[in-house]
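Residue-level listing of the chains:
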Amino acid sequence: MNRNDEEALGLLNRLLEGLHQAGLENFGSHINLVYVAPGAQYVNHIDTQVFGERKPQNAVQETPVKDTPPPLPPELSTDKAMALWQKAQRAGFVDADYQPLLSRTQSALLADAMAERLGIKEKWKVFEALWNRKNMRSDYNLALTRKLSLDFQDELKRVFV
């Protein structure tokens, strides 16, 4: 191996070490490193890195069980609320299970807009339980400091007309 090959191997090893330290070993990674000399037809296996548990080759892949979202609370299942949910779904803000497809800050803005239109007083408690999130008020406050979030508020006004 020449110097460039050794540098490449060093970079790969540092990358693998970083992945390992980041806790990605829980996902079970397997990397084979193969060296092919320039102009050669022979392939030589150099190294194998295995992180986490190795799955048997004949193992049947299990279909992951989808977490069922919590049911809609009464405040968010009224006729008026369902009309807002439909608008939010058509706009691509939430999925069919009423879970947000947005960033945390935009989700907080969405929750605020819906709560305002529905007259929900404890909006953070209601939406944090539905979306399994914490600190949505902090997300909302952060959103108010960002230009993009302010543009999103204007979009919410158009969607919820």
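Notes on the structure follow.

Points about helix α3 (residues 104-118)
Line of reasoning, step 1. Between the first and last C-alpha of α3 there are 21 Å, a value that for 15 residues agrees with the 21 Å anticipated at 1.5 Å per step.
Line of reasoning, step 2. Burial within α3 is extensive, with eleven of its 15 residues counted as buried.
Line of reasoning, step 3. Among the residues making up α3, those that are buried are Thr105, Ser107, Ala108, Leu109, Leu110, Ala111, Asp112, Ala113, Met114, Ala115 and Leu118.
Line of reasoning, step 4. Those residues of α3 that are buried lie in contact with α2 (79-90), α4 (123-131), α5 (136-143) and α6 (147-159).
Line of reasoning, step 5. Positive backbone phi, at 70°, marks Gly119, one or two positions downstream of α3.

Things to note about the packing of α2 against α3
Line of reasoning, step 1. Direction vectors running N to C along α2 and α3 enclose 150°, while the axes themselves pass 10 Å from each other. By the criterion of interaxial angle, the relationship of α2 to α3 is roughly antiparallel. Where α2 crosses over α3, the two elements pack in a sense that is right-handed. Of the residues in α3, those in contact with Lys80, Ala81, Leu84 and Trp85 of α2 are Met114, Arg117 and Leu118.
Line of reasoning, step 2. Across the contact of α2 with α3, the residue classes break down as five nonpolar, no polar and two charged.

Quick word on the environment of Ser103
Line of reasoning, step 1. Assignment of secondary structure puts Ser103 in the loop between α2 and α3.
Line of reasoning, step 2. Of the polar contacts made by the side chain of Ser103, one reaches the backbone nitrogen of Gln106; its length is 3.2 Å.

Side note on the nonpolar core
Line of reasoning, step 1. By size, the foremost hydrophobic cluster in this structure holds 29 residues, and its most contacted members are Leu76, Trp85, Leu110, Phe127, Trp131, Leu156 and Phe160.
Line of reasoning, step 2. For this core, the secondary structure elements donating two or more residues are α2, α3, α4, α5 and α6.
Line of reasoning, step 3. It is α3 that provides the largest number of residues to this core, a total of eight residues.
Line of reasoning, step 4. Every residue in contact with Leu76, bar those within four places of it in the chain, is listed here: Ala81, Met82, Trp85, Leu118, Ile120, Val126, Phe127 and Leu130.

Looking at unusual backbone geometry
Line of reasoning, step 1. A positive phi angle, near 65°, is found at Tyr98, a position not held by glycine.
Line of reasoning, step 2. By secondary structure assignment, the location of Tyr98 is in the loop between α2 and α3.
Line of reasoning, step 3. Within the chain, Asn135 stands out as a residue other than glycine whose phi angle is a positive 60°.
Line of reasoning, step 4. Position of Asn135 relative to the elements: it lies in the loop between α4 and α5.
Line of reasoning, step 5. Here Asn135 falls in the exposed class, since its relative accessible area comes to 53%.

Reading guide: rules and limits
- Residues numbered from 1 in each chain as written.
- Predicted model: local features only at pLDDT ≥ 70, side-chain atom pairs only at ≥ 80, totals over all residues.
- Heavy atoms only, no water.
- Helix = DSSP H or I, 4+ residues; strand = E, 2+ residues; numbered from the N terminus.
- Expected span 1.5 Å × (residues − 1).
- Buried < 20%, exposed > 50% of the residue type's maximum accessible area, 1.4 Å probe, protein only.
- Contact = heavy atoms within 4.5 Å.
- Axes fitted to C-alpha atoms, helices over the stretch in contact; angles between N-to-C directions.
- Parallel < 35°, antiparallel > 145°, perpendicular 65-115°, else oblique.
- Left-handed = near helix turned anticlockwise from the far one by under 90°.
- Nonpolar A, V, L, I, M, F, W, Y, C, P; charged D, E, K, R; others polar.
- Polar contact = N/O pair within 3.5 Å; in protein donor to acceptor, adjacent residues only side chain to side chain.
- Core = buried A, V, L, I, M, F, W, Y, C linked by side-chain atoms within 4.5 Å.

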